[in-house]
Amino acid sequence: MNKFENRKLLQEYQVKQMEEFEENLPMEKKLFYELFDYLNDKSETVECNHDFSLTNEFLKDKNADIEKVIEFLRENGAGCDCEVIFNIEEKFEE
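These numbers were taken from a predicted model, which means no experiment stands behind them.

What to know about the overall build of the protein chain
Now for step 1: For the protein chain, the count of helices and strands is five helices and zero strands.
Now for step 2: Helices (α) and strands (β) of the protein chain occur, in sequence order from the N terminus, as α-α-α-α-α.
Now for step 3: Over its C-alpha atoms the protein chain spans a radius of gyration of 16 Å, topping by over 25% the 12 Å that the globule rule assigns to 94 residues.
Now for step 4: Across its three principal directions, the C-alpha atoms of the protein chain cover 50 × 25 × 20 Å.
Now for step 5: Taking contacts inside the protein chain between residues at least 6 apart in sequence as the whole, the part at least 24 apart equals 60%.
Now for step 6: Counting 12 positive and 25 negative side-chain charges, the protein chain places the centres of these two groups 5 Å from one another.

Structural notes on the state of the cysteines
Now for step 1: Scanning the model with the defined rule gives zero disulfides in all.
Now for step 2: Its sulfur unpaired, Cys80 is 3.4 Å from the next cysteine sulfur, which belongs to Cys82.
Now for step 3: We classify Cys80 as buried; its relative accessible area is 4%.
Now for step 4: Judged by relative accessible area, Cys82 falls into the partly exposed class, the value being 24%.

Structural notes on the pattern of salt bridges
Now for step 1: For the coordinates displayed, the defined rule picks out four salt bridges.
Now for step 2: With a closest N to O distance of 3.7 Å, Lys16 and Glu20 form a salt bridge. Placement of the pair is Lys16 and Glu20 together in helix H1 (residues 3-23), with a separation of four residues, close to one helical turn.
Now for step 3: Accessibility expressed as a relative area gives 32% for Glu20, which makes it partly exposed.
Now for step 4: The salt bridge involving Lys62 is made with Glu34; its shortest N-O contact spans 3.2 Å. A residue pair is termed long-range when its members are at least 10 positions apart, and Lys62 in the loop between helix H3 (53-61) and helix H4 (66-75) and Glu34 in helix H2 (residues 29-43) qualify at 28 residues.

Things to note about the confidence of the model for the protein chain
Now for step 1: Averaged over all residues, the pLDDT of the protein chain equals 92, while 99% of them reach at least 70.
Now for step 2: Of all helices and strands in the protein chain, the one with the weakest mean pLDDT is H1 (86), whereas H3 scores best (98).

Observations concerning the side chain of Asp81
Now for step 1: Inspection of the secondary structure puts Asp81 in helix H5 (residues 81-88).
Now for step 2: Look at Asp81: it is buried, it has no salt bridge, and the nearest opposite charge is Arg74 at 9.6 Å.
Now for step 3: Sequence-distant contacts of Asp81, that is, excluding residues within four places in its chain, are made with Leu39, Cys48, Asp51, Phe52, Ser53, Leu54 and Thr55.

About the cut-offs
- Throughout, a residue's number is its position along its own chain's written sequence, starting from 1.
- Local features in this predicted model are restricted to residues of pLDDT 70 or higher, and side-chain atom pairs are both shown and tallied only at a pLDDT of 80 or more, whereas totals for entire chains, interfaces and linings draw on every residue.
- To get the side-chain values, take all heavy atoms of the structure and skip hydrogens and water.
- Numbering of helices and strands runs from the N terminus; a helix is a DSSP stretch of H or I covering at least four residues, while a strand is a stretch of E covering at least two.
- Note that the radius of gyration is over C-alpha atoms, with the globule rule given as 2.2 Å times the number of residues to the power 0.38.
- Note on contacts: a residue pair is in contact if any heavy atoms of the two residues lie within 4.5 Å.
- Two residue types count as positive, namely Lys and Arg, and two as negative, namely Asp and Glu; His and chain ends fall outside the count.
- Here the site of a charge means NZ on Lys, CZ on Arg, CG on Asp, or CD on Glu.
- We call a pair of cysteine sulfur atoms a disulfide when they lie within 2.5 Å.
- We call a residue buried when its accessible area falls under 20% of the maximum for its residue type, exposed when it is over 50%, and partly exposed in between, using a 1.4 Å probe and counting protein chains only.
- Within this document, salt bridges are pairs made up of a side-chain nitrogen of Lys or Arg and a carboxyl oxygen of Asp or Glu, the two lying within 4 Å of each other.
- Each residue carries a pLDDT score, the predictor's own confidence in it, on a scale running from 0 to 100.

Quick look at the structure:
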């Protein structure tokens, strides 16, 4: 296989991984972006309590399935509100 074929296969794999990631989201992708914005805004004035209190507040306001979303966040590397920004937001940018 040459470099072009390898690169093409890698790109196809990355697209497939992102599609699978998005298919398994516990709420609309748009709401995740809103959550990231909300947490980023809050982080300017509120320190992280090392829990999901702000995330819970946001999810409750949006009538989202809090348990499923928190479980998803934990499975993907977040243990608190600030880790949602640092560990989860980047997964939506890949």
